[in-house]
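Here is what each chain is made of, one letter per residue.
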Amino acid sequence: MTEIFYDKDADLALIQGKKVAIVGYGSQGHAHALNLRDSGVEVVVALKADSKSKPKAEEAGFTVLSVAEASAWADVIAILAPDQYQRHIYRDDIQPNLAKGKAILFGHGFNIRFGYIEAPEGVDVIMVAPKGPGHTVRREYEAGRGVPVIVAVEEDATGEAWQLAWSYAKGIGGLRAGGIKTTFTEETETDLFGEQAVLCGGVSQLVQYGFETLTEAGYQPQIAYFEVLHELKLIVDLMWEGGIAKQRWSVSDTAEYGDYVSGPRVIDPHVKENMQAVLSDIQDGTFAKRFIADQDAGAPEFLALREKGAQHPIEATGKELRALFAWKQVDEDYTDGSAAR
């Protein structure tokens, strides 16, 4: 049975009594640091000396320490750097500074689930994973609301790891919306599957194939872009508001009928079989090994695939059309159409 926790179920004083180091000041890192500080928690930010995020953290009023210094100082060390870097940061700077009674906290279970990080005895291992990007986590907190979180404990060395996890979740505003109890394994495997099979990989490939089908049949690429990509947001927003049922209720009868009769022709049982194969690769560690091996080699496959995706004709068409809109979504850290980051 699903267990959901709210603000009333957690004691904020527990995390307020801890010194917290936030390792990384990216999307999640900045949100956790700011929200915790606003909740009365003593926070420092841990970064490399040459980190591009250091000026941002200092401008926000945080003390910025090296990861080693912050880990030695802190009671709770929240490791919010990208997955592929976490094990190196942990091995070099965090593990040597761990002592019994401390806690390491993650926003995603990847490195614990696949054994790239193993905590020493006496250290709590917990996870608090907001179900939204960091900018949303921060915005919702400032508005007096919150983004739901999923929470797990891998090691309860102190006997109060769960209480600490819920307290931290309350500190970042997650329990205003609700926190769901899970495990590192469940969070990691479902998160990777959702990204690969549906949210990122599945949707991206579906949109590209739809665009190719229409343009190869002689339709204008601009019209194809509107029909298979631009309007996707409208559909997803309706699903987000009220599930698939609301989307079907909101569209025309023609669209709803087409959903029922043509959807299963495109997404047929073979797609589900392929999804099951993707899930199997996640569960047995095949995907994790492939990703980490590529990253350790300098990410040649990753960068080649990124460049290939950037060269798809839908990207040039979209860039041209978005320039015509009176409204634009501009993200400070994103360069439209660039494969280099």
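Keep in mind it's a predicted model, so treat the numbers as computed, not measured. (Residues numbered from 1 in each chain as written. Predicted model: local features only at pLDDT ≥ 70, side-chain atom pairs only at ≥ 80, totals over all residues. Heavy atoms only, no water.)

Colleague: Talk me through the sheet that holds strand β9 (residues 179–181); I want residue IDs and the actual numbers.
Modeller: The sheet built from nine strands is open, its strands ordered β1-β9-β8-β7-β6-β5-β2-β3-β4 with mixed pairing. The open sheet is flanked by β1 (4–5) and β4 (64–65), the only strands paired with a single partner. Where strand β8 (residues 149–155) and β9 come together, three bridges link them in parallel fashion. Its bridge partner being in β9, Val149 is matched across the sheet by Gly179. Along the sheet, helix α2 (residues 27–38) makes contact with β2 (19–23), β3 (42–46) and β7 (124–130), crossing β2 at roughly 160°. Across the sheet, helix α5 (residues 83–94) touches β2, β5 (76–79) and β6 (103–106), and the angle it forms with β5 is around 150°. (Pairing = 2+ DSSP bridges. Helix = DSSP H or I, 4+ residues; strand = E, 2+ residues; numbered from the N terminus. Contact = heavy atoms within 4.5 Å. Axes fitted to C-alpha atoms, helices over the stretch in contact; angles between N-to-C directions.)

Colleague: Now, about the environment of Phe62: what can you tell me, with residues and values included?
Modeller: With respect to the helices, strands and loops of the structure, Phe62 is situated in the loop between α3 (54–59) and β4. Owing to a relative accessible area of 5%, Phe62 belongs among the buried residues under this scheme. Linking Phe62 and Ala46, residues 16 residues apart in sequence, is a C-alpha distance of 9.9 Å. When near neighbours in sequence (up to four residues on either side) are disregarded, Phe62 contacts Tyr25, Ala33, Leu34, Arg37, Val43, Val45 and Ala57. (Buried < 20%, exposed > 50% of the residue type's maximum accessible area, 1.4 Å probe, protein only.)

Colleague: Quick rundown of the pairing of β6? Include the residues and the values.
Modeller: Residues Ala103 and Leu105 line one face of β6 and the alternating positions Ile104 and Phe106 line the opposite face, and both faces are buried. Read as a crossover between parallel neighbours, the route from β5 over α5 to β6 is right-handed. Strand direction decides the pairing type here: β6 and β7, joined by four bridges, are parallel. Residue pairing for β7: Leu105 is matched across the bridge by Ile126. (Right-handed = clockwise from strand over helix to strand, strands pointing away.)

Colleague: Report on the confidence of the model for the protein, specifying residues and quantitative values.
Modeller: Scored by pLDDT, the protein has a mean of 94; 96% of the residues are at 70 or more. Counted against residues more than four places away or in other chains, residues 337–341, with its pLDDT under 50, gives four contacts. (pLDDT = per-residue confidence, 0-100.)

Colleague: Requested: an account of the environment of Ser252, with residues and values cited.
Modeller: When you line up the elements, Ser252 lands in the loop between α13 (232–250) and α14 (253–266). Owing to a relative accessible area of 41%, Ser252 belongs among the partly exposed residues under this scheme. Of note is the side chain of Ser252, whose polar atom sits 3.0 Å from the backbone nitrogen of Ala255. (Polar contact = N/O pair within 3.5 Å; in protein donor to acceptor, adjacent residues only side chain to side chain.)

Colleague: How would you summarise the pattern of salt bridges if you had to cite specific residues and measurements?
Modeller: Enumeration over the complete set of coordinates arrives at 14 salt bridges. When the shortest N-O distance is used, the salt bridge between Glu241 and Lys246 registers 2.9 Å. Residue Glu241 is classed as partly exposed on the basis of its relative accessible area of 48%. Looking at Lys246, the relative accessible area reads 28%, which means it is partly exposed. Ionic pairing is found between Arg248 and Asp259, a salt bridge with its closest N-O pair at 2.8 Å. Taken together, the residues span a long stretch of sequence, with Arg248 in helix α13 and Asp259 in helix α14 at a distance of 11 residues. Asp259 gets classed as partly exposed once you look at its relative accessible area, which sits at 22%. (Salt bridge = Lys/Arg side-chain N within 4 Å of Asp/Glu carboxyl O.)

Colleague: I'd love a proper account of unusual backbone geometry, names of residues and values included.
Modeller: Located in the positive-phi region is Ala299, a residue other than glycine, with phi close to 65°. Here Ala299 lies in the loop between α16 (286–296) and α17 (300–310).

Colleague: So what's going on with the packing of helix α12 (residues 221–230) against helix α18 (residues 313–322)? Residues and values would help.
Modeller: Close contact between α12 and α18 brings their axes to 10 Å; oriented N to C, the two are set at 90°. On the basis of the axis angle, α12 is roughly perpendicular to α18. Note on element contacts: α18 touches α12 through Ile314, Thr317, Gly318, Glu320, Leu321 and Arg322, opposite Pro221, Gln222, Tyr225, Phe226, Val228 and Leu229. Partitioned by chemical class, the residues of the contact of α12 with α18 number seven nonpolar, three polar and two charged. (Parallel < 35°, antiparallel > 145°, perpendicular 65-115°, else oblique. Nonpolar A, V, L, I, M, F, W, Y, C, P; charged D, E, K, R; others polar.)

Colleague: So, the packing of aromatic side chains: which residues are in play, and what are the values?
Modeller: Scanning the model with the defined rule gives 10 aromatic pairs in all. Where Tyr25 meets Phe62, the ring centres are 6.0 Å apart and the plane angle is 65°; that geometry is what we call edge-to-face. With Tyr25 in the loop between β2 and α2 and Phe62 in the loop between α3 and β4, this pair connects stretches of sequence that are 37 residues apart. Aromatic pair Phe110 and Tyr116: ring centres 6.0 Å apart, planes at 10°, arrangement stacked. You can call Tyr116 partly exposed: its relative accessible area is 24%. (Phe/Tyr/Trp six-rings, centres within 6.5 Å; stacked < 30°, edge-to-face > 60°.)

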